[in-house]
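Notes for the structure review
Chain by chain, the residues:
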Amino acid sequence: MSHEAQETHEPETPHLDFQGTTPYEDYVRADVLTHLQHTLSDDPGEMVFLVTTQVMELWFTVVVHEWETAAKALRQDDVPVAIAALKRSVRELEALNASWKPLGQLTPAQFNSYRSALGEGSGFQSAMYRRMEFLLGEKSASMLVPHRGSPRVHAELEKALYEPSLYDEVLRLLARRGHAIPESVLQRDVSRRYEPSDEVEAVWAAIYSGDESDELARLGEALSDVAELVWRWRNDHLVATRRAMGAKSGTGGSAGVAWLEKRARKNVFPELWTARSYV
């Protein structure tokens, strides 16, 4: 039996020589992203706080995109596309909520070491987070005021304020499908915060009393998944803030923990939760 030498095949060398920046850089803009961190204190922990906050902003942007995609699909009566976007947003909300991990155990001393660098900066000033809240039906014209100095941001928020929320589009779809959504809900001022309706609660109770595989029941569950993770986000924010600064006033003049506690008690898409008591 002859023993012939086997050729050794080295792995192919990837393409390394480009005329300009790499295709990866052109697409991801990593050089821009990784040079946006400008800390204002000498504390090494500030870098973690800053980067985590920037990551949160990117996740807000993705979630807004998904919910706007879902709202558009609902206007076109395309429930499968809406559900797909909502399910993607659930995975993205899970990643967003995990962003609290690096900050969730800050002690008061650790936070105070760079807190003064924030000045009057506060998370409630996030325009992209405000767009998320508006899409959930948590509308408030006063929340546009902090953004008057940024015309593009202000215009985007103002547009979102006067557009139907994601839940408004859901209720309009239910009405088109023959469900008894009252005219007072369908014709409401969508620039104002959504308020629960007994009639809407009855509609969801009827949907949930029927076939669980029905398209509208599955839409309700996708919305419930979103609402649960929004609630978890608010609670994780509350716990992290309480741990880092107790009951002190928040940066930017907010009430801090007291304001977050009030937010954490509220459910979005409220009738989806209360209707379960009648199924």
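Structure first, text after, so check above.
Heads up: these notes are all about the structure in this document. Since we're looking at a predicted model, the values are computed, not measured. (Residues numbered from 1 in each chain as written. Predicted model: local features only at pLDDT ≥ 70, side-chain atom pairs only at ≥ 80, totals over all residues. Heavy atoms only, no water.)

Right, let's talk about helix α5 (residues 108-115) for a bit. Looking at α5, one finds that the buried residues are F111, Y114 and R115. Down the axis, α5 shows its buried residues gathered within 115° of arc, on one side only. Summarising the contacts, the buried residues of α5 are in contact with α3 (45-75) and α11 (215-245). (Buried < 20%, exposed > 50% of the residue type's maximum accessible area, 1.4 Å probe, protein only. Helix = DSSP H or I, 4+ residues; strand = E, 2+ residues; numbered from the N terminus. Arc of directions from axis to C-beta. Contact = heavy atoms within 4.5 Å.)

Take M56: it is sitting in helix α3. With a relative accessible area of 6%, M56 lands in the buried category. In this view, M56 contacts L96, S99, W100, L103 and W233; residues no more than four positions away in its chain are not counted.

Not every positive phi belongs to a glycine, and R29 is a case in point at roughly 60°. You can see R29 is positioned in the loop between α1 (23-28) and α2 (30-33). Although it is not a glycine, D77 adopts a positive phi angle of roughly 60°. Relative to the assigned elements, D77 resides in the loop between α3 and α4 (79-98).

Now for the nonpolar core. A general tendency of soluble globular proteins is for nonpolar side chains to be buried together. Judged by nonpolar contacts, the single largest core of 61 residues is most densely connected at W67, W204, L219 and F269. Looking at this core, the elements with two or more residues in it are α3, α4, α5, α6 (127-135), α8 (166-176), α9 (183-186), α10 (198-208) and α11. Ranked by the residues each element gives to this core, the list is headed by α11, at 13 residues. Aside from chain neighbours lying at most four places away, what touches W67 is L86, S89, L93, M132, L135, L136, L166, V226 and V230. (Core = buried A, V, L, I, M, F, W, Y, C linked by side-chain atoms within 4.5 Å.)

To continue, consider the layout of surface pockets. Approximately 1,100 Å³ is the volume found for the largest pocket. Around the largest pocket, the lining is made up of 41 residues, and of these F49, T53, S122, G123 and H237 lie nearest the centre. When contributions to the lining of the largest pocket are tallied by element, the ones reaching two or more residues are α3, α5, α6, α11 and α12 (257-264). When residues of the lining of the largest pocket are assigned to their parent elements, the largest contribution, 8 residues, is made by α3. Across the lining of the largest pocket, the residue classes tally to 20 nonpolar, 14 polar and 7 charged. (1 Å grid on protein atoms, 1.4 Å probe; cavity = no way out; pocket = protein on both sides within 12 Å on 5 of 7 lines; lining within 4 Å. Points joined across faces, edges and corners; volume = space filled by probe spheres on them. Nonpolar A, V, L, I, M, F, W, Y, C, P; charged D, E, K, R; others polar.)

Between the first and last C-alpha of α11 there are 45 Å, a value that for 31 residues agrees with the 45 Å anticipated at 1.5 Å per step. With a side-chain oxygen lying 3.0 Å from the backbone nitrogen of L216, the N-terminal cap of α11 falls on D214. Looking one or two residues past α11, G246 carries a phi angle of roughly 60°, positive in sign. (Expected span 1.5 Å × (residues − 1). Polar contact = N/O pair within 3.5 Å; in protein donor to acceptor, adjacent residues only side chain to side chain.)

Relative to the assigned elements, V90 resides in helix α4. Overall, the relative accessible area of 14% leaves V90 in the buried class. Distance from V90 to S224, taken between C-alpha atoms, is 10.0 Å for residues 134 residues apart in sequence. The contact partners of V90, leaving out residues within four places of it in the chain, are D225, V226 and L229.

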